[in-house]
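The lines below spell out each chain.
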Amino acid sequence: MDWGSIFELSIRELIGVQAIVFALAAIGINIQFGYTGLLNFGQAAFAAVGGYGVAVIVTTYEMSFWLGIVVAIGAAVVLALLLGVPTLRLRADYLAIVTIAASEIVRLVGRSAWGRDVFGGSDGITGFSDTFYDLNPFTEPLEFGPFEFRERILWVMAVGWGLVALCTLMVWLLMRSPWGRVLKAIREDEDAVRSLGKNVYGYKMQSLVMGGVIGALAGIVYSLFQGAMQPDVYATNFTFFAYAILILGGAATVFGPVLGAAIVWFAFQFIDLTLRAAITNEYIPDWLMNQNDTGAVRFMLTGVVLVLLLVFRPQGILGDRREIALDAR
Amino acid sequence: MPDDTMGGLSVRRERALAALADVPREPGAKKADPILVADDVKRQFGGLLAVDVDHVEIQRGSITALIGPNGAGKTTFFNLLTGFDRANNGSWSFNGRSLHGTPPYRVARIGMVRTFQLTKALSKLTVIENMRLGATGQRGESFWRAMFPALWRSQEDDITERAEDLLRRFKLDTKRDDFAGSLSGGQRKLLEMARALMVQPELVMLDEPMAGVNPALTESLLEHVKDLREQGMTVLFVEHDMDMVRDIADWVIVMGQGKILAEGPPEAVMSDHKVIDAYLGAHHDQSLAELEEQLEGGALAEEVAAELGQEGAAADDEAPTAKADTTPPGTTEDEAPTTTEGDGAQTADVTAEAAGAARNNGDDKGGR
Ligand SMILES: Nc1ncnc2c1ncn2[C@@H]1O[C@H](COP(=O)(O)OP(=O)(O)OP(=O)(O)O)[C@@H](O)[C@H]1O
Ligand SMILES: [Mg+2]
């Protein structure tokens with residue numbers, strides 16, 4: 001087996017665009033769920049709204065790319081308000097139900113036949129990323145040890161990791177401030193926070209909006225990378241994947257989402273390549289599994305790893321065990 | 001601790017007592033300088049009128065106790081006043097400012113802070129963070145300013161200093177950096193009270209602050225409550241333990257089935273036979289010898305049976321052990337007089353125990 005190439009390809013995923021996209025989505029969920037206790041099961045909708053914002057403005061309406069970015073972020077804010085206004089005064093479950101429904105609605109409207117003129121139907125929209133790549137300062141591929149990155153992906157990764165760093169920095173600053181303290185207190189007991197004179201509804205809204213906007217950034221990065229905005233990328237499993245990543249890395253930790261995303265995408269690629277190599281070399285007999293099964297098996301193995309992790313380290317990789325112990329009291 | 005206490009009576013206490021001296025001892029009595037006035041407040045749960053208060057005033061600078069049996073509507077009344085629950089009817093004002101429909105956080109900012117019957121410690125925050133949260137008007141609590149520590153650092157330091165001061169007073173300073181979730185039940189009560197004080201309220205509303213706190217700690221809690229009055233705050237508290245009420249309250253308001261039944265200084269209210277019979281239990285104040293004397297006549301057994309029907313039912317879920325050796329709630333009158341002397345005394349003890357258990361386990365309906 002060619003371990004060298006297996007590791008090389010896996011490490012590419014560790015820092016790749018998928019890791020960036022899910023790190024961003026998970027950072028958003030971390031603010032909402034990890035710190036504030038809000039169950040947003042519609043992060044996919046926020047990402048989709050971000051992707052559509054740019055795509056629709058640039059391709060459908062032939063307007064400026066920058067306006068597209070503004071519209072994408074504005075749309076995420078509007079979506080957060082739409083979902084939050086009726087539900088954030090109610091029990092936590094209502095937000096969960098409404099967001100999960102919203103996420104399917106956004107996707108189904110996007111791929112609908114009657115909205116094809118604007119949203120491009122199930123094929124999605126292409127041709128909106130030129131402005132972005134025109135800005136690319138990288139003129140030649142970067143070689144770095146065994147790795148070689150082409151200009152295009154270098155640019156996406158630079159911008160993507162830049163955004164991840166910026167969002168992580170913001171979370172770090174916010175969560176050690178009195179603002180973050182109010183959020184964490186709301187997660188523990190919102191009535192106590194109300195009784196101390198804090199506008200809980202307002203803080204929950206801020207948390208939902210901020211997490212949603214970061215989710216939209218994830219969608220923008222992904223569709224610029226693909227050069228296409230396809231609605232089916234943002235099905236509900238996008239959201240649950242981001243949740244798995246967050247919980248793996250450690251909810252309510254600053255670096256948890258980033259670490260979780262990197263590890264998951266590394267593990268995915270690593271398991272996949274190892275299985276393929278093992279099958280090619282006939283270490284795994286053909287009757288047990290063949291090349292076509294690796295996709296499913298890697299999901300199974302990842303699931304097993306997640307379960308084991310949650311049994312032995314329920315706080316996630318970076319979480320604080322003492323906090324989990326408190327739940328048992 | 002203030003040093004202006006003279007002969008057991010402090011200046012503030014004397015002032016409060018003087019202000020209340022001429023107040024008629026009747027439900028809804030007008031006070032000289034009320035901080036809180038409520039009129040015609042009603043709250044209905046289905047067919048049950050949980051709160052039905054015609055008129056009540058709370059004297060500024062006093063310690064007022066709100067007492068009454070389980071389910072009298074005390075907690076619900078608190079919830080209504082502080083905006084945690086919506087009244088079907090009525091109006092109430094704080095410092096002359098109407099609070100009807102005011103959300104809880106505004107009520108707190110105006111200067112009226114409450115604690116909860118079921119303690120609400122913020123488990124995964126440390127004790128000091130719990131305390132800091134209580135401070136109002138924090139610059140760092142706005143989203144944009146939060147990201148620039150320079151803008152709020154100095155205020156945070158002041159808040160921390162004030163918090164540490166309060167923690168020392170409440171003997172929680174050794175727990176400063178522990179998670180609040182790791183505190184014992186009594187310590188959480190202390191923390192909740194201290195945290196409420198961080199808001200710097202004018203009126204503190206405590207829902208059973210002594211429940212589940214051991215006697216030694218109760219003493220110091222009582223001191224804290226008295227201390228609040230010394231600092232010029234007004235205290236309204238719910239409590240079932242009559243000794244404590246007698247000890248610290250300047251004025252007592254009795255609630256029953258949602259209504260204000262009686263008002264007056266502790267001694268007057270507690271010797272009011274109507275109140276005693278209906279709401280405090282007929283023998284709360286008597287010695288065992290007296291009890292036995294009455295038992296011989298059979299009179300007490302009747303009362304015990306009647307009371308068990310009421311209090312035993314309230315304590316049902318919460319005090320299974322007490323219930324096990326209690327006469328069943330349904331004990332009839334002709335059964336009761338046959339109780340022997342020893343059994344009767346035991347029954348009375350158990351009643352007290354059951355009432356105690358109910359007090360410690362009361363729940364906070366409508367709080368959430
Ligand atoms: N949310 C609710 N839904 C229905 N009934 C309620 C609700 N909250 C309170 N009640 C009822 O209202 C009555 C008053 O309850 P409340 O909690 O105010 O009593 P309390 O005086 O605080 O009693 P305790 O001394 O046991 O704490 C009770 O009969 C209770 O069952
Ligand atoms: Mg109560």
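What you are looking at is a predicted structure, and each value in this text was computed from that prediction instead of being measured.

Q: Would you mind going over the overall build of chain B with me for this structure?
A: Across its full length, chain B holds 15 helices and 12 strands. Going through the 368 residues of chain B one by one, you find that 53% of them count as buried. Contacts in chain B between residues far apart in sequence, at least 24 positions, make up 69% of those at least 6 positions apart. Carbon and sulfur atoms form 48% of the exposed surface of chain B, whose accessible area is close to 16,100 Å².

Q: Even after reading the chapter, I still don't get the sheet that holds strand S3 (residues 34-45) of chain B, so can you show me in this structure?
A: The strands making up a sheet associate through hydrogen bonds between their backbones, and the pairing can be parallel or antiparallel. Residue and element names in this part refer to chain B. Taken in spatial order, the 4 strands line up as S4-S3-S6-S7 in an open sheet, and their pairing is antiparallel. Two strands close off the open sheet at either side, each with one partner strand: strand S4 (48-59) and strand S7 (97-98). When S3 meets S4, the two strands line up antiparallel, connected through 10 bridges. Counted as the bridge partner of Val-41 is Val-53 from S4.

Q: Got a minute to help me understand the packing of helix H3 (residues 43-60) of chain A against helix H11 (residues 200-226) of chain A in this structure?
A: Describing two packed helices takes the angle between their axes plus the distance from one axis to the other. Residues and elements named next belong to chain A. Two elements in contact, H3 and H11, have axes separated by 6 Å at closest approach and are oriented at 55 degrees. Taken together, the axes of H3 and H11 lie oblique to each other. For the element pair H3 and H11, the recorded crossing hand is right-handed. Across the interface between the two elements, Gln-43, Phe-46, Ala-47, Gly-50, Gly-51 and Val-54 from H3 touch Gly-211, Gly-212, Gly-215, Ala-216, Gly-219, Ile-220 and Ser-223 from H11. Residues of the contact of H3 with H11, tallied by class, amount to 5 nonpolar, 8 polar and no charged.

Q: Help me understand the site of ligand 1, please; the structure alone is not making it clear to me.
A: Residue and element names in this part refer to chain B. As a matter of local geometry, ligand 1 sits amid 16 residues, with Asn-70, Lys-74, Thr-75, Thr-76 and His-240 nearest to it. Within the side chain of Lys-74, an N or O atom sits 2.7 Å from an oxygen atom of ligand 1. Contact distances for ligand 1 include 2.5 Å between an oxygen atom and a side-chain N or O atom of Thr-76. Here ligand 1 has 630 Å² of accessible area as a free molecule, and 77% of this is covered by the chains.

Q: Any chance you could explain the coordination of the magnesium ion (ligand 2) here in plain terms?
A: Tetrahedral coordination by four donors places them ideally at 109.5 degrees to one another around the metal; octahedral coordination by six donors ideally gives 90 or 180 degrees. Residue and element names in this part refer to chain B. Thr-75 (OG1) and Gln-117 (OE1) make up the full set of protein donors to the magnesium ion (ligand 2), lying at 1.9 to 2.2 Å. Of this pair, Thr-75 sits in helix H2 (residues 74-81) while Gln-117 sits in the loop between strand S8 (112-114) and helix H4 (127-134), and the two are 42 residues apart along the sequence. Judged by relative accessible area, Thr-75 falls into the buried class, the value being 12%.

Q: I keep staring at the interface of chain B and chain A and nothing clicks. Help me out?
A: For an interface, size is often stated in terms of accessible area lost upon the parts coming together. Taken together, the 41 residues of chain B in the interface contact 33 residues of chain A. Summed over both partners, the interface of chain B with chain A buries about 3,200 Å², with 62% contributed by carbon and sulfur atoms. Our count for the contact surface shared by chain B and chain A stands at 4 salt bridges. For Lys198(A), the salt bridge goes to Glu141(B), with nearest N and O atoms at 3.0 Å. Along the contact surface separating chain B from chain A lie 11 residue pairs in polar contact (both at pLDDT 80 or more). Only helix H3 (104-110), S8, H4, helix H5 (143-146), helix H6 (153-169) and helix H7 (185-198) of chain B provide two or more residues apiece to the side of chain B that touches chain A. Split into classes, the residues belonging to the side of chain B that touches chain A amount to 19 nonpolar, 10 polar and 12 charged.

Q: It is not clear to me how the UniProt feature "transmembrane region" (unreviewed entry) in chain A should be interpreted in this structure. Could you clarify?
A: UniProt annotation of "transmembrane region" (unreviewed entry) refers to residues 14-31, 38-59, 65-85, 153-175, 208-228, 240-268 and 295-312 of chain A when read in the numbering used here. Secondary structure across residues 38-59 of chain A divides into 77% helix and 0% strand, with the first and last C-alpha atoms of the span separated by 35 Å.

Q: Hey, could you run me through the pattern of salt bridges in this one?
A: Where charged atoms from two side chains of opposite charge approach closely, those side chains can pair. Residues and elements named next belong to chain B. Here the structure, examined in full by the defined rule, presents 32 salt bridges over all chains. Residues Arg-132 and Glu-129 are paired through a salt bridge, measuring 2.7 Å at the closest nitrogen-oxygen approach. Within this pair, Arg-132 and its partner Glu-129 are both found in helix H4, separated by 3 residues, close to a single helical turn. By relative accessible area, which is 18% here, Glu-129 ends up buried.

Q: Any chance you could explain unusual backbone geometry here in plain terms?
A: Among all residues except glycine, the phi angle is most often negative; among peptide bonds, the trans geometry is most common. All names here are of chain A. The phi angle at Ala-252 is positive, at roughly 60 degrees, despite the residue not being glycine. Tracing the chain through its elements places Ala-252 in the loop between helix H12 (236-249) and helix H13 (256-280). Taking the relative accessible area as the measure of exposure, Ala-252 reaches 25% and is therefore partly exposed.

Q: Even after reading the chapter, I still don't get the pairing of strand S5 (residues 63-67) of chain B, so can you show me in this structure?
A: Consecutive residues of a regular strand have side chains that alternate between opposite faces of the sheet. Residue and element names in this part refer to chain B. Among the 5 residues that make up S5, 5 are buried, leaving the element largely enclosed by the rest of the structure. Taking every second residue as pointing to the same face, both faces of S5 are buried, with Ile-63, Ala-65 and Ile-67 on one and Thr-64 and Leu-66 on the other. Two strands pair when backbone bridges link them, and S5 and strand S10 (residues 234-238) are joined in this way by 4 bridges, in the parallel orientation. Of the residues in S10, the one forming a bridge with Ile-63 is Val-235. Where S5 and strand S11 (residues 251-256) come together, 4 bridges link them in parallel fashion. Bridge pairing in S11 places Thr-64 opposite Trp-251.

Q: I'm lost on the packing of helix H9 (residues 178-188) of chain A against H4(B) in this one. Help?
A: Across the interface, H9(A) lies against H4(B) with an axial gap of 10 Å and an inter-helix angle of 105 degrees. Put simply, H9(A) runs roughly perpendicular to H4(B). From H9(A), Arg181(A), Val182(A) and Ala185(A) reach across to H4(B), where they touch Glu129(B), Arg132(B) and Leu133(B). The class makeup of the residues in the contact of H9(A) with H4(B) is 3 nonpolar, no polar and 3 charged.

Q: What is the right way to read the packing of aromatic side chains from this model?
A: Ring pairs (aromatic) are described by centroid distance and by the angle formed between their planes. All names here are of chain A. For the structure on display, the rule yields 25 aromatic pairs over all chains. For the pair Phe-41 and Phe-240, a centre-to-centre distance of 5.6 Å together with 50 degrees between the ring planes defines the contact as tilted. One end of the pair, Phe-41, is in the loop between helix H2 (17-35) and H3; the other, Phe-240, is in helix H12, and 199 residues separate them in sequence. In textbook terms, an aromatic cluster arises when at least three aromatic residues are bridged by ring pairs, as seen for Phe-22, Tyr-234, Phe-238, Phe-241, Trp-265, Phe-268 and Phe-299. Over the aromatic face of Tyr-201 sits the side chain of Arg-89, whose NZ or CZ is 3.7 Å from the ring centroid. We note Arg-298 situated over the ring of Phe-299; from NZ or CZ to the ring centre the distance is 5.8 Å.

Parameters and conventions
Residues numbered from 1 in each chain as written. Chains lettered and ligands numbered in written order. Predicted model: local features only at pLDDT ≥ 70, side-chain atom pairs only at ≥ 80, totals over all residues. Heavy atoms only, no water. Helix = DSSP H or I, 4+ residues; strand = E, 2+ residues; numbered from the N terminus. Buried < 20%, exposed > 50% of the residue type's maximum accessible area, 1.4 Å probe, protein only. Contact = heavy atoms within 4.5 Å. Areas by Shrake-Rupley, 256 points an atom, 1.4 Å probe, with all protein chains shown as cover. Pairing = 2+ DSSP bridges. Axes fitted to C-alpha atoms, helices over the stretch in contact; angles between N-to-C directions. Parallel < 35°, antiparallel > 145°, perpendicular 65-115°, else oblique. Left-handed = near helix turned anticlockwise from the far one by under 90°. Nonpolar A, V, L, I, M, F, W, Y, C, P; charged D, E, K, R; others polar. Near = heavy atom within 4 Å. Polar contact = N/O pair within 3.5 Å; in protein donor to acceptor, adjacent residues only side chain to side chain. Donors = N, O, S within 2.8 Å, 3.2 Å for Na, K, Ca; no water. Buried area = accessible area lost by both parts, 1.4 Å probe. Salt bridge = Lys/Arg side-chain N within 4 Å of Asp/Glu carboxyl O. UniProt positions renumbered as here; feature names shortened; annotations may be inferred. Phe/Tyr/Trp six-rings, centres within 6.5 Å; stacked < 30°, edge-to-face > 60°. Lys NZ or Arg CZ within 6 Å of the ring centre and 35° of its normal.

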